[in-house]
Amino acid sequence: FVSYGSGVTWDDVVAESVSNGWHGAENLSLIPGEVGASAVQNIGAYGAEAKDLIFDVEAVEIATGNVVRMFNADCQYAYRQSRFKHEWKNKYLITHVTYRFSRTFTPDLDYGNIRHSLEAKGIVTPTAEELRHTIIEIRQAKLPDPKVMGNAGSFFMNPVVGRDVYERLAAQYEGMPHYVVDNEHIKIPAGWMIEQCGWKGRSLGRAGVHDRQALVLVNRGGATGSEVVTLYEQIIKDVKAKFGIEIHPEVNVI
Ligand SMILES: Cc1cc2nc3c(=O)[nH]c(=O)nc-3n(C[C@H](O)[C@H](O)[C@H](O)COP(=O)(O)OP(=O)(O)OC[C@H]3O[C@@H](n4cnc5c(N)ncnc54)[C@H](O)[C@@H]3O)c2cc1C
């Protein structure tokens, strides 16, 4: 169990855990942001989520100044969701998050092209350091650096659909990428659907869709908030018209 202050940079947590042999955070390497937000957003990547590591969250109740402690189950974690984003919104200031790591390294290589990237380097059974570095390389190759081109990472959540919906679409789109969530639910990459709608690399005004990763909306220079909203609303409409699936933003629109 390791407790961090909410202002610690998340990737420093991952780096420290990997170098100390505390496992479970490797696939969450290089996600921008801080520890406090990891517990709000339930950050996730490559099949791993913060909720799998969070043991408890310490916070100050803003109205009273009381220090409270929430356990993982209290936070109602789900895909990119938590109680902090809904009924607890603006109610608590998170001060610490305690993560529970594992002493055993059980690499999860099944998501995206992790295994393929490792194999390209001749690695079949990676160490935690090798896995972290591979994730960093994949992310750097695919995601634009916000310091160079304004973006908020993945703009949309990947929709989880019923098996019937998946089977209907899979019959229509051969080789459609998907991830099995459980017996009845399948996750379909929103980026793939956006690409199928012809949006990859396209712009609307000064906001656009990244040319290497259709899930990422970018500011091509001077785009206003409303230009980004116009773009994402159009993308939602097009995906709905083509696939019958409504996708939702992952970002918080303020
Ligand atoms: C290039 C790029 C790639 C990204 N990739 C991923 C990814 O792979 N997976 C993923 O999940 N996300 C990803 N993101 C999104 C982002 O990294 C996460 O949402 C991250 O948690 C944001 O951290 P932050 O510290 O900037 O939080 P902010 O964006 O500042 O805050 C997020 C929310 O948390 C609240 N909050 C933050 N700190 C506290 C606190 N101490 N107490 C109470 N509330 C608080 C804020 O009020 C806000 O509602 C990416 C973003 C970018 C730019």
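Residues numbered from 1 in each chain as written. Predicted model: local features only at pLDDT ≥ 70, side-chain atom pairs only at ≥ 80, totals over all residues. Heavy atoms only, no water.

**Q** Please clarify how the site of the ligand should be interpreted in this entry.
**A** Close contacts around the ligand come from 24 residues, with P32, E34, G44, I94 and R139 the closest. With respect to the ligand, the side chain of R80 contributes an N or O atom lying 3.3 Å from an oxygen atom. Surface burial for the ligand is 70%, taken as the share of its 980 Å² of free accessible area covered by protein chains. Counting residues per element, the ones that place at least two in the shell around the ligand are α2 (35–41), β2 (44–45), β6 (92–99) and β7 (151–154). Partitioning the shell around the ligand into residue classes produces twelve nonpolar, eight polar and four charged. A domain split of the shell around the ligand shows at least three residues from each of domain 1 (1–142) and domain 2 (151–243). (Near = heavy atom within 4 Å. Polar contact = N/O pair within 3.5 Å; in protein donor to acceptor, adjacent residues only side chain to side chain. Areas by Shrake-Rupley, 256 points an atom, 1.4 Å probe, with all protein chains shown as cover. Helix = DSSP H or I, 4+ residues; strand = E, 2+ residues; numbered from the N terminus. Nonpolar A, V, L, I, M, F, W, Y, C, P; charged D, E, K, R; others polar. Domains from an automatic or database assignment.)

**Q** I tried to follow the packing of aromatic side chains on my own but got confused; where do I start?
**A** Any aromatic ring pair is given by two values, namely how distant the centres are and how the planes are angled relative to each other. Scanning the model with the defined rule gives 15 aromatic pairs in all. On the basis of an interplanar angle of 85 degrees and a centroid distance of 5.7 Å, the ring pair of Y173 and W192 is categorised as edge-to-face. Of this pair, Y173 sits in the loop between α5 (163–172) and β9 (179–180) while W192 sits in helix α6 (residues 190–196), placing them 19 residues apart in sequence. Here Y173 matches W192 in class, with each residue buried. Feature note: the residues Y4, W10, W22, Y99 and F101 constitute an aromatic cluster, connected by ring pairs. One residue, K187, lies across the ring of Y79, its end atom 4.3 Å from the ring centre. Here R202 stacks its cationic end above the ring of W199, 3.9 Å away from the centre of that ring. (Phe/Tyr/Trp six-rings, centres within 6.5 Å; stacked < 30°, edge-to-face > 60°. Buried < 20%, exposed > 50% of the residue type's maximum accessible area, 1.4 Å probe, protein only. Lys NZ or Arg CZ within 6 Å of the ring centre and 35° of its normal.)

**Q** Would you mind showing me how to read the environment of I31 here?
**A** Of note, I31 is situated in the loop between α1 (10–20) and α2. Along the sequence, I31 and I43 sit twelve residues apart, while their C-alpha atoms lie 7.9 Å from each other. When sequence neighbours within four positions are dropped, the list of residues in contact with I31 reads W10, D11, I43, G44, A45 and R139. (Contact = heavy atoms within 4.5 Å.)

**Q** Explain the sheet that holds strand β8 (residues 160–162) here, please?
**A** Pairing between the strands of a sheet is mediated by backbone hydrogen bonds and can be parallel or antiparallel. Spatial strand order, β8-β10-β9: three strands in an open sheet with antiparallel pairing. In this open sheet, the two edge strands, each paired with only one partner strand, are β8 and β9. Where β8 meets strand β10 (residues 185–187), three bridges bridge the pair, whose relative direction is antiparallel. From the neighbouring strand, G162 faces β10, where its bridge partner is H185. On the sheet, α5 packs against β8, β9 and β10 and is oriented at approximately 90 degrees with respect to β8. (Pairing = 2+ DSSP bridges. Axes fitted to C-alpha atoms, helices over the stretch in contact; angles between N-to-C directions.)

By themselves these figures say nothing about function.
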